[in-house]
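# Observations on the three-dimensional arrangement
Below are the chains, spelled out letter by letter.
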Amino acid sequence: QVQLVESGGGLVQAGGSLRLSCAASGRTFSSYAMGWFRQAPGKEREFVAAIRWSGGSTYYADSVKGRFTISRDNAKNTVYLQMNSLKPEDTAVYYCALDRNVYVILRVSAAEYEYWGQGTQVTVSS
């Protein structure tokens, strides 16, 4: 049984920072690409960032490029999302996800991810 557990969300003022963590269990974490997605009220879930199974490649949505950094520690089965210069429009529930196939470089479509965490709320006040 695969489990993904996010943590690190909260309330922060615009311009502030948060670091999200996602701890994985139940699968060989180091063989799978990981992604972060977010969903704001009344909007569809959108891609935020993805990282290759080995951690050597990353990809970001244009809206977060230069402000967010995705990383992973395969020894700890954990993926991170460092979020800097936060804006009110970053307010959403953030989800981590594990790709459905091994050794994929990285993907941006939610349909390509098989397992999802429960989500963590990020609220940025203006």
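Residues numbered from 1 in each chain as written. Predicted model: local features only at pLDDT ≥ 70, side-chain atom pairs only at ≥ 80, totals over all residues. Heavy atoms only, no water.

Below, the discussion takes up the nonpolar core. Counting 33 residues, the largest nonpolar core has Trp36, Leu81, Met83 and Tyr94 as its most contacted members. Those elements that place two or more of their residues in this core are strand E3 (18–25), strand E4 (32–39), strand E5 (46–51), strand E7 (68–73), strand E8 (78–83), strand E9 (92–102) and strand E11 (120–125). (Core = buried A, V, L, I, M, F, W, Y, C linked by side-chain atoms within 4.5 Å. Buried < 20%, exposed > 50% of the residue type's maximum accessible area, 1.4 Å probe, protein only. Helix = DSSP H or I, 4+ residues; strand = E, 2+ residues; numbered from the N terminus.)

In this section: the pattern of salt bridges. Under the defined criterion, the tally for this structure stands at 7 salt bridges. Across the salt bridge formed by Asp62 and Lys65, the nearest N and O atoms sit 3.1 Å from each other. A relative accessible area of 66% places Asp62 in the exposed class. Of the charged contacts in the structure, one is a salt bridge between Arg67 and Asp90, with a shortest N-O distance of 2.7 Å. Here Asp90 lies in the loop between E8 and E9 and Arg67 lies in the loop between strand E6 (58–60) and E7, a separation of 23 residues in the sequence. Judged by relative accessible area, Arg67 falls into the buried class, the value being 11%. Taken together, the shared-partner salt bridges in this structure form one network comprising Arg38, Glu46, Arg67 and Asp90. (Salt bridge = Lys/Arg side-chain N within 4 Å of Asp/Glu carboxyl O.)

We now examine the state of the cysteines. This structure, assessed with the given rule, holds 1 disulfide. Paired by a disulfide, Cys22 and Cys96 hold their sulfur atoms 2.0 Å apart. Since a negative S-S torsion denotes a left-handed disulfide, the Cys22-Cys96 link at about 55 degrees is right-handed. Taken together, the positions of Cys22 in strand E3 and Cys96 in strand E9 put the pair 74 residues apart, joining distant regions of the chain. Judged by relative accessible area, Cys96 falls into the buried class, the value being 0%. (Disulfide = S-S within 2.5 Å.)

What follows is about the environment of Pro41. Along the chain, Pro41 falls in the loop between E4 and E5. For the pair Pro41 and Thr78, spaced 37 residues apart in sequence, the C-alpha to C-alpha distance is 27 Å.

Let us look at unusual backbone geometry. Although it is not a glycine, Asn77 adopts a positive phi angle of roughly 55 degrees. As for its placement among the helices and strands, Asn77 is situated in the loop between E7 and E8.

Further remarks concern the packing of aromatic side chains. For the coordinates displayed, the defined rule picks out 6 aromatic pairs. Measuring from centroid to centroid gives 5.0 Å for Phe37 and Trp116, while their planes differ by 55 degrees, and the two rings are tilted. With a gap of 79 residues between them, Phe37 in strand E4 and Trp116 in strand E10 (residues 113–116) connect regions that are remote in the sequence. For Trp116, a relative accessible area of 26% corresponds to the partly exposed category. Joined through ring pairs, the aromatic side chains of Phe37, Phe47, Tyr59, Tyr113 and Trp116 make up one cluster. Sitting over the ring of Tyr59, Lys65 keeps its end group 6.0 Å from the ring centre. (Phe/Tyr/Trp six-rings, centres within 6.5 Å; stacked < 30°, edge-to-face > 60°. Lys NZ or Arg CZ within 6 Å of the ring centre and 35° of its normal.)

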